[in-house]
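Listed here are the chains, written in short residue letters.
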Amino acid sequence: MISRKQSKFIKSLKIKKYRDIENAFLVEGKKNVLELIKSDFEIKSIVCTQLFSELNPFVLNKNFDVIVSSEQDLSQLGTFKVNNECLAVVKKKDYNIAHADLNDFTFVLDDISDPGNLGTIIRTMDWFGFKNLVCSEHTADFYNPKVINATMGSFSRVKVYYTDIIQFIKQSKKPVFGADMGGAELVQTRFPKSSIFVMGSESNGLSPKVRSLLTSTVSIRGFGKAESLNVGIATGIICHHLRNY
């Protein structure tokens, strides 16, 4: 049975201020939690239904607390409208860009504000085997529950670094490309291994400071009448191109 104190603590992790104070975040739902257990994240506790613990008895042998709760109480703790299986409280990781292995293509996000888009980008990168994502300091919080939920477990395999991307680009000796409507056609462009790709914000695109540092810009050719592509979809198309051409 979950206590009132535990319930208050878990609910507080929906808010960034308290995630930062407690150095912890939430992972919700069966898919995400099972992916989490296979990762090297440090789990503080899992709250689950009796049925989940019976169907996944191995969780009882792990080095974290398992709290059995009713479906009703569980749904009130997290952000899902209905969560009838489990959620976890997890210690945040301190990813240091100085220790990142950036030998593959690297994606950089220039103030991507929507948590759903960030989660989709992480999930897409995982599909194509990209391991590192560099984010501006004003990009959505990686540990936001909406981001974690949207990754469908990929948060456990893609490392996300927050830094001053202007300084990061300046210090990098790699070619830097930006996605832009006026750029060269993606399908007609070949990229040096380990290039950097910058994706601009949903509303403003690439910031002027970032744009001034680019080697070149690339565009995704459109055939219909849509004004633009969602940044998550655009990132997926670029990922596919980089892995197949």
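Above: the structure in question.
Description of the structure in this document. As the structure is a prediction and not an experimental result, all values here were calculated from the model. (Residues numbered from 1 in each chain as written. Predicted model: local features only at pLDDT ≥ 70, side-chain atom pairs only at ≥ 80, totals over all residues. Heavy atoms only, no water.)

Oppositely charged side chains are able to pair whenever their charged atoms sit close together. Per the counting criterion, the structure on display carries 12 salt bridges. Close ionic contact of Arg211 with Asp180 constitutes a salt bridge, the shortest N to O distance being 3.0 Å. Linking Arg211 in helix α9 (residues 208-211) with Asp180 in strand β8 (residues 176-185), this pair joins segments that are 31 residues apart in sequence. Arg211 sits in the partly exposed class, given a relative accessible area of 37%. (Salt bridge = Lys/Arg side-chain N within 4 Å of Asp/Glu carboxyl O. Helix = DSSP H or I, 4+ residues; strand = E, 2+ residues; numbered from the N terminus. Buried < 20%, exposed > 50% of the residue type's maximum accessible area, 1.4 Å probe, protein only.)

As for its position among the elements, Glu28 is in strand β1 (residues 24-28). It turns out Glu28 is buried and unbridged, and the closest side chain with the opposite charge, Lys14, is 7.0 Å from it. Ignoring anything within four residues of it in the chain, the contact list for Glu28 reads Val33, Gly78, Thr79, Phe80, Asn83, Cys86, Leu87, Pro145 and Asn149. (Lys, Arg positive; Asp, Glu negative; His and termini not counted. Contact = heavy atoms within 4.5 Å.)

Looking now at a nonpolar patch on the surface. On the surface, a cluster of nonpolar side chains totalling about 280 Å² of accessible area is made up of Ile15, Tyr18 and Ile21. Relative to the elements of secondary structure, Tyr18 occurs in helix α2 (residues 16-22). (Patch = residues over 30% accessible without salt bridge, like charges linked within 9 Å, V, L, I, M, F, W, Y side chains within 5 Å. Areas by Shrake-Rupley, 256 points an atom, 1.4 Å probe, with all protein chains shown as cover.)

Before going further, it helps to examine the side chain of Asn132. Along the chain, Asn132 falls in strand β6 (residues 132-135). Residue classification places Asn132 among the buried residues on the basis of a relative accessible area of 10%. At a separation of 2.9 Å, a polar atom in the side chain of Asn132 contacts the main-chain carbonyl oxygen of Asp101. In terms of polar contacts, Asn132 uses its side chain to reach the side chain of Tyr161, at 3.2 Å. Residues in contact with Asn132, not counting those within four places in the same chain, are Ala100, Asp101, Leu102, Thr106, Phe107, Met125, Lys159 and Tyr161. (Polar contact = N/O pair within 3.5 Å; in protein donor to acceptor, adjacent residues only side chain to side chain.)

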